[in-house]
Amino acid sequence: MKNSIYLLVFFISSFTITAQVKTKNHNKEKFRAYKVAFLTEKLDLTAQEAQEFWPIYNAFDKKKNELRYKERYLISKEIKAAGGLDALSEKQAKDFSLRIINSRKDAEKLTTNFYNKLPKIIPYKKIIKLEIAEKSFHSKLIRKLRSKQRSKK
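Source: prediction; values computed, not measured.

The rules behind each value
Every residue gets a number counted from 1 within its own chain, in the order that chain's sequence is written. Reporting of local features is limited, given that this is a predicted model, to residues whose pLDDT is at least 70; pairs of side-chain atoms are given and counted only at 80 or more, and all residues count toward the totals for whole chains, interfaces and linings. For the side-chain quantities, the full set of heavy atoms in the structure was used; hydrogens and water were omitted. What makes a nonpolar core is a set of buried Ala, Val, Leu, Ile, Met, Phe, Trp, Tyr and Cys residues whose side-chain atoms join them at distances within 4.5 Å. Three exposure classes are used, based on accessible area relative to the maximum for each residue type with a 1.4 Å probe and protein chains only: buried under 20%, partly exposed in between, and exposed over 50%. Think of it this way: any DSSP run of H or I at least four residues long counts as a helix, any run of E at least two long counts as a strand, and we number them from the N terminus. Whether two residues touch is decided by their heavy atoms; if any such pair falls within 4.5 Å, the residues are in contact. For Phe, Tyr and Trp, rings pair up if their centres lie within 6.5 Å, where Trp contributes its six-membered ring, and each pair is then called stacked (planes under 30 degrees apart), edge-to-face (over 60) or tilted (otherwise). Residues form patches when they are more than 30% accessible in relative terms and have no salt bridge. Like charges link within 9 Å. Nonpolar side chains (Val, Leu, Ile, Met, Phe, Trp, Tyr) link within 5 Å. Note on areas: Shrake-Rupley, 1.4 Å probe, and residue coverage restricted to the protein chains presented here. When a carboxyl oxygen of Asp or Glu lies within 4 Å of a side-chain nitrogen of Lys or Arg, that pair is called a salt bridge. When charges are counted, Lys and Arg contribute as positive and Asp and Glu as negative, whereas His and the chain ends are disregarded. Just so you know, the charge point we use is NZ for Lys, CZ for Arg, CG for Asp and CD for Glu.

Right, let's talk about the nonpolar core for a bit. Leu39, Phe53, Tyr57, Phe114, Leu118, Ile122 and Leu130 are the most contacted members of the largest nonpolar core, which totals 19 residues. Secondary-structure elements contributing two or more residues to this core are helix H1 (2-43), helix H2 (47-81), helix H3 (90-117) and helix H4 (124-152). Once you skip the residues sitting within four places of it in the chain, Ile122 turns out to touch Leu45, Glu49, Phe53 and Ile127.

The structure is reproduced here in structure tokens:
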């Protein structure tokens, strides 16, 4: 009887975890599709431009997100594991600061390389449209999230 209760709890918890992972992945895919559709509409790419642009943009966006994750999540997690900011020695704080600076330098290099490749693929007007569209997308996303939070209250 005791074993069957443990087995039941195990199945329920594994189902819940699986559902959460699937939901998280689904949300990422949904977000990604929404972003691609938004940018596609704003940039008005030709078929040839789109064929060359999207692989480069997707690789850039993925790497940018990895760097952001590394800087924001992993370093924060390590600081918490070390006992929090107040528990860090000056040397540890310096090491974390240098890692953050290096991460930002990497992100800057990545962005520079990306924007250096773009003129070979799309005209400069569309590069400016991309900048505006990305900022517009993020603003729209933030407004949407805020309105969701207000509606929950």
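Pairs of aromatic rings are described using the distance from one ring centre to the other and the angle between the two planes. All chains considered together, the criterion is met by 11 aromatic pairs. For the ring pair Trp54 and Tyr57, a centre distance of 5.6 Å and an interplane angle of 85° mean the geometry is edge-to-face. Of the two residues, Trp54 and Tyr57 are both situated in helix H2; the distance of three residues between them amounts to about one turn of the helix. As far as the burial class goes, Trp54 and Tyr57 line up, both buried. Plain terms: the ring middles of Phe114 and Tyr115 are 5.1 Å apart, the flat faces sit at 80° to each other, and that makes the pair edge-to-face. An aromatic cluster is present here, built from Phe53, Trp54, Tyr57, Phe60, Phe114 and Tyr115 joined pairwise through their rings.

This brings us to a positive patch on the surface. On the surface, Lys30, Lys42, Lys140, Arg143, Lys144, Lys148 and Lys152 cluster together into a patch of positive charge. At the level of secondary structure, the elements contributing two or more residues to the positive patch comprise H1 and H4. For the positive patch, the leading source of residues is H4, giving five residues. With respect to the helices and strands, the residue Arg143 is situated in helix H4.

Take the pattern of salt bridges next. Pairs can form between side chains of opposite charge once their charged atoms are near each other. Within the structure shown, the criterion is met by eight salt bridges. As a salt-bridge pair, Lys64 and Asp61 come within 3.7 Å of each other at their nearest N and O atoms. Of this pair, Lys64 and Asp61 are both found in helix H2, three residues apart, which corresponds to roughly one turn of the helix. With a closest N to O distance of 2.8 Å, Glu71 and Arg104 form a salt bridge. One end of the pair, Glu71, is in helix H2; the other, Arg104, is in helix H3, with 33 residues separating them in the sequence. Among the charged side chains, a network of salt bridges with common partners joins Arg32, Lys35, Asp61 and Lys64.

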